[in-house]
Amino acid sequence: MTATEHRPAANLEQARADRVTPVWKGRRHILDLDDWSPGEIAQVMDTALTMKSILARPIKKTPTLRGKTIVTAFYESSTRTRISFEVAAKYLGADAVNMTASASSVSKGESLLDTVRTLQAIGADIVVMRHPQSGAPWVVSERVNSSIVNGGDGWHAHPTQALLDLFTIRERLGRVAGLKVTILGDVLHSRVARSDIWGLSLLGADVTVCGPPTLLPRDWVTDPGGLPWKLRVEERIEPALEGADVVMALRLQRERMHAGLIPSIREYCRLYALNADRLKLAKTDALVMHPGPMNEGVEISPDVAHGAQSVIEEQVTNGVAIRMALLYLLSGGTARPDGE
Amino acid sequence: MSVQPPTPHRRELMSADEIRRALSRMAHEIVEKNAGIEHVVLVGIRTRGVPIAKRIARLISEFEHNSVAVGGLDVTLYRDDHSRRVKLPAGPSDMPFDIEGQHVVLVDDVLYTGRSVRAAMDALRDYGRPRTIQLAVLIDRGHRELPIRADYVGKNIPTARSEVVEVKLLEVDGRDEVVIDKQSS
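These figures come from a predicted structure and were not determined experimentally. (Residues numbered from 1 in each chain as written. Chains lettered and ligands numbered in written order. Predicted model: local features only at pLDDT ≥ 70, side-chain atom pairs only at ≥ 80, totals over all residues. Heavy atoms only, no water.)

Some remarks on the overall build of chain B
Item 1. Looking only at helices and strands, chain B features four helices and eight strands.
Item 2. In chain B, the order of α-helices and β-strands from amino to carboxyl end is β-α-β-α-β-β-α-β-β-β-α-β.
Item 3. Within chain B, the proportion of its 185 residues that are buried is 54%.
Item 4. Partitioning the contacts of chain B with sequence separation of at least 6, the portion at a separation of at least 24 is 70%.
Item 5. Carbon and sulfur atoms form 48% of the exposed surface of chain B, whose accessible area is close to 8,700 Å². (Helix = DSSP H or I, 4+ residues; strand = E, 2+ residues; numbered from the N terminus. Buried < 20%, exposed > 50% of the residue type's maximum accessible area, 1.4 Å probe, protein only. Contact = heavy atoms within 4.5 Å. Areas by Shrake-Rupley, 256 points an atom, 1.4 Å probe, with all protein chains shown as cover.)

Points about the overall build of chain A
Item 1. Tallying secondary structure elements over chain A gives 13 helices and 10 strands in all.
Item 2. Across the 340 residues of chain A, 57% fall into the buried class.
Item 3. Within chain A, residue pairs in contact and separated by at least 24 positions form 75% of the contacts whose partners lie at least 6 positions apart.
Item 4. In the form shown here, chain A has an accessible surface area of approximately 13,800 Å², with 52% of it arising from carbon and sulfur atoms.

Overview of unusual backbone geometry
Item 1. Of note, the bond from Gly292(A) into Pro293(A) is cis; its omega dihedral lies within 30 degrees of zero at -5 degrees.
Item 2. Along the chain, the position of Pro293(A) falls in the loop between strand S10 (287–289) and helix H12 (302–305).
Item 3. Across the junction of Arg46(B) and Thr47(B), the peptide omega takes the value 10 degrees, indicating a cis bond.
Item 4. Its place among the elements puts Thr47(B) in the loop between strand S2 (40–45) and helix H2 (49–64).
Item 5. Its identity as a non-glycine residue notwithstanding, Ala35(B) has a phi of 50 degrees, on the positive side.

Some details on the sheet that holds strand S1 (residues 10–14) of chain B
By definition, the strands of a sheet pair up through backbone hydrogen bonds, in either a parallel or an antiparallel sense.
Residue and element names in this part refer to chain B.
Item 1. Strand order across the open sheet formed by three strands is S1-S8-S7, with antiparallel pairing between neighbours. Edge strands, defined here as strands with exactly one partner in the open sheet, are S1 and strand S7 (164–168). Strand-to-strand twist across the sheet, computed as the mean angle between neighbouring axes with direction ignored, equals 30 degrees.
Item 2. Sheet analysis places S1 next to strand S8 (residues 177–181), joined by four bridges and oriented antiparallel. In the sheet register, Arg11 faces S8, and the bridge partner there is Ile180.
Item 3. Running over the sheet, helix H1 (residues 16–33) touches S1, S7 and S8 and is turned about 35 degrees from S1. (Pairing = 2+ DSSP bridges. Axes fitted to C-alpha atoms, helices over the stretch in contact; angles between N-to-C directions.)

Details of the pattern of salt bridges
Residues and elements named next belong to chain B.
Item 1. According to the stated counting rule, one finds 27 salt bridges over all chains in the structure shown.
Item 2. A salt bridge links Asp17 to Arg20; the nearest nitrogen and oxygen atoms lie 3.5 Å apart. You can see Asp17 and its partner Arg20 sitting in helix H1, three residues apart, about one turn around the helix. (Salt bridge = Lys/Arg side-chain N within 4 Å of Asp/Glu carboxyl O.)

What to know about the confidence of the model for chain B
Residues and elements named next belong to chain B.
Item 1. Looking at chain B, pLDDT values average 91 and 89% of them are 70 or higher.
Item 2. Across chain B, strand S5 (residues 132–140) holds the top mean pLDDT of 98, while S1 sits lowest at 91.
Item 3. Scoring of the predicted complex yields 0.84 for pTM and 0.74 for ipTM. (pLDDT = per-residue confidence, 0-100.)

Examining the pairing of strand S6 (residues 180–184) of chain A
Residues and elements named next belong to chain A.
Item 1. Of all the five residues making up S6, five are buried; the element is thus mostly covered by neighbouring parts of the structure.
Item 2. Along S6, one buried face is formed by Lys180, Thr182 and Leu184 and the opposite face, lined by Val181 and Ile183, is buried too.
Item 3. Read as a crossover between parallel neighbours, the route from S6 over helix H7 (residues 191–202) to strand S7 (residues 206–210) is right-handed.
Item 4. Taken together, the four bridges between S6 and strand S9 (residues 246–249) define a ladder with parallel strand orientation. Its bridge partner lying in S9, Thr182 is registered against Val247. (Right-handed = clockwise from strand over helix to strand, strands pointing away.)

Description of the packing of aromatic side chains
Item 1. Under the definition given, this model contains one aromatic pair over all chains.
Item 2. Here the basic side chain of Arg57(A) rests over the ring of Tyr127(B), its NZ or CZ set 4.8 Å away from the ring centre.
Item 3. Above the ring of Tyr112(B), the side-chain terminus of Arg141(B) is found at 3.9 Å from the ring centroid. (Phe/Tyr/Trp six-rings, centres within 6.5 Å; stacked < 30°, edge-to-face > 60°. Lys NZ or Arg CZ within 6 Å of the ring centre and 35° of its normal.)

Focus: the environment of Ser195(A)
All names here are of chain A.
Item 1. Structurally, Ser195 can be placed in helix H7.
Item 2. The sequence separation of Ser195 and Pro239 amounts to 44 residues, and the corresponding C-alpha distance is 23 Å.
Item 3. Beyond its immediate stretch of four places on either side in the chain, Ser195 contacts Asp32, Leu33, Ala157, His158, Pro159 and Ala162.
Item 4. At a separation of 2.8 Å, a polar atom in the side chain of Ser195 contacts the main-chain amide nitrogen of His158. (Polar contact = N/O pair within 3.5 Å; in protein donor to acceptor, adjacent residues only side chain to side chain.)

Comments concerning the sheet that holds strand S5 (residues 147–153) of chain A
Residues and elements named next belong to chain A.
Item 1. Taking strand neighbours across the sheet as the criterion, the four strands line up as S3-S2-S4-S5 in an open arrangement whose pairing is parallel. Bordering the open sheet on either side are strand S3 (95–100) and S5, each of which pairs with just one other strand. Across this sheet, the average inter-strand angle for adjacent strands is 15 degrees, counted without regard to direction.
Item 2. Bridge analysis of strand S2 (residues 69–74) against strand S4 (residues 126–131) gives five bridges, and the strand direction is parallel.

As for the state of the cysteines
All names here are of chain A.
Item 1. On inspection of all chains with the given rule, the structure shows zero disulfides over all chains.
Item 2. Here Cys210 stays unpaired: no disulfide links it, and the sulfur of Cys269, its closest cysteine neighbor, is 14 Å away.
Item 3. Residue classification places Cys210 among the buried positions, given a relative accessible area of 0%.
Item 4. With relative accessibility at 19%, the residue Cys269 sits in the buried group. (Disulfide = S-S within 2.5 Å.)

Brief notes about helix H13 (residues 312–330) of chain A
Item 1. Along its 19 residues, H13(A) runs 27 Å from first to last C-alpha, staying within 8% of the 27 Å computed at 1.5 Å per residue.
Item 2. Burial within H13(A) is extensive, with 15 of its 19 residues counted as buried. (Expected span 1.5 Å × (residues − 1).)

Here we look at helix H6 (residues 159–173) of chain A
Residues and elements named next belong to chain A.
Item 1. Relative to the 21 Å expected for 15 residues at 1.5 Å per residue, H6 spans 21 Å between its end C-alpha atoms, a close match to the ideal helical length.
Item 2. For H6, the tally of buried residues reaches 11 of 15 residues, placing the bulk of the element in the interior.
Item 3. All buried positions along H6 are accounted for by Pro159, Thr160, Gln161, Ala162, Leu163, Leu164, Asp165, Leu166, Phe167, Thr168 and Ile169.
Item 4. Phi turns positive, to about 85 degrees, at Gly174, one or two residues after H6.

Some details on the environment of Pro158(B)
Item 1. With respect to the secondary-structure elements, Pro158(B) resides in the loop between strand S6 (152–156) and S7.
Item 2. Once the C-alpha coordinates of Pro158(B) and Asp140(B) are considered, the two residues, 18 residues apart in sequence, prove to be 8.1 Å apart.

Focus on the packing of H6(A) against H13(A)
Residue and element names in this part refer to chain A.
Item 1. Closest axis-to-axis distance for the H6/H13 pair is 8 Å, and the angle between their directions is 115 degrees. One finds that H6 runs roughly perpendicular with respect to H13. Seen from above, H6 lies across H13 with right-handed handedness. Listed contacts from H13 to Thr160, Gln161, Leu163, Leu164, Asp165, Phe167, Thr168, Glu171 and Arg172 of H6 are Glu314, Gln315, Asn318, Gly319, Ile322, Arg323 and Leu326.
Item 2. Residue classes in the contact of H6 with H13 are distributed as five nonpolar, six polar and five charged. (Parallel < 35°, antiparallel > 145°, perpendicular 65-115°, else oblique. Left-handed = near helix turned anticlockwise from the far one by under 90°. Nonpolar A, V, L, I, M, F, W, Y, C, P; charged D, E, K, R; others polar.)

Here's what the structure looks like:
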C-alpha cells in the first residue's frame, strides 16, 4: 500500500485566499477548471440554484437566451451531457441544435476546425463540444469567435460535470471545504476525476484517489511534487473509504484500454467494487456519487447505486441547472446600467 | 450604515415618515379597489419590491384583521436586454402560493422605463394565470418606454433621465429614505 501526500502549488494557495470573491470573469469559453477561482465556482453554483428553481416549476421556460443558437457537437457518444445541454438551452429560450459526428460531414473527412467554422457561419453562438482527443476544444477556441464549452475531451477534462458534482455536494452537505472525498476506480482514463480534483481542491476538500496501480496516473504515484493539488493516493480501498464524506465511483472505461490493465473484471470487482459492506467504512451519511454511465455490478453494486445514500440521479438533474447557469453567464455583454 | 450628506446635486425626496404614510395610503387603496383582500396576493419584484410588499401586507393585516400572502419575484431571466447588460446575479423567486385566478399586486420601488414590470408580468405567466395583475410602486419617475402605468403610486416625481432615484429601505440599506442624485448619470 502506498499513501502519498502531494503538496499544493502556490497558485492553488492564492486561489484559496481569494475564495470569497464571487466574480464571473467574463469568460468566453469553458475549457477546464484549472484557471478558475473559488469565487467564480461559487457564482456558478449560486446561479445554478436559481436555475434549479425553474426546473421545479410546471412551466420550465424563460426567454433569457431568446435568439441565441447553441450547438452540441459530439464526436463521442453521450446521453447525459448532450441532452442536459440541449434541455438547458431550451429552458432558457435558446435554439438548440445537435450535431452528431457520425451523421455529419465529419464522416466524409471534414476537419474539426472546418466543422466548427461551419457551425459558426451558420450562426452558433455557443458550441458545446465533446471530442476523444484531449485538447481539441482548446485548439478550436483559439480559432473561432463562437464560445466553446468543453463537454469532455479525451482523458483530460470535463469541467461541467465537475461543477455539477461540486454543486450536488454543496447542496447536500452544505459545504465542500474540509470534506473528505474519495474517488474510486479507473482514475487513469477519467476526465471527470481530473476536473473534480481541481474543483474539489480549489474549494478546500481533501481528496483521495483509489484504484489499481495500473489505473492510476503513474506520475501521481512516482512524482508527488509535480502536481498542483494536495492529493492522497491509495491502492487499497479500505483505507481510502475510511471516514469519507463523499464516495465517487468511476466507470471502468474498457473502451479506452489498449492493454490488459486489470487481470479480469472479476478480480477488479473483488478488490475495488463499491458495495454495501465497503460503504460502511465511510461516514454513515456519506454521499454516493457516480458520473455515469454506470457498469452496475462492476464498479458499483446495484443496491448501493440505487440506495438511500446515492445521489446519482440528483447529479443528472443538477447537471441541467449547472449547464443553464453556464450558458446564462457565458452569453454576457457589456454594461448598460439603466437605473431600474 | 453611513448616511450621505445632502449636496447641491443630491436631495431627499421622501423621509422615513413620508414613506410610511405613502405605503399606508397604498395599502388602503389596494383593499378599497379589490373590495377586501379575498383573492389578493402581493408579489414584490426583487430586491426592494419584496420588503415594500411585506410592509404593505403588514399594514393591510393591521386594519383588515386578515393576512395577505406575499411572494418575491426575480425578473433577471426575463429582461429583454440580457445581452446588453452587466450580468446581474439571477436570484431565486419565492412564490409559495398558486396565483391562478388571484388578483396579483406587483410591488416595486421605482417605476421608470417599465421594462422590469413587463419582465415581471412575463415571469408571472410561467406561474399561472392571475385574474388581474395590478401594479403598486413607491415612486413613479416617468420616462416610460412601454405602455405601462401603476395602479397605486406612493409619489410621482418628475425627473430627468440623467438623474438617479435611490430608494433606501431599512431591511436592505439600514435606513428609510428616497433621494434623487442630479449629478449621476
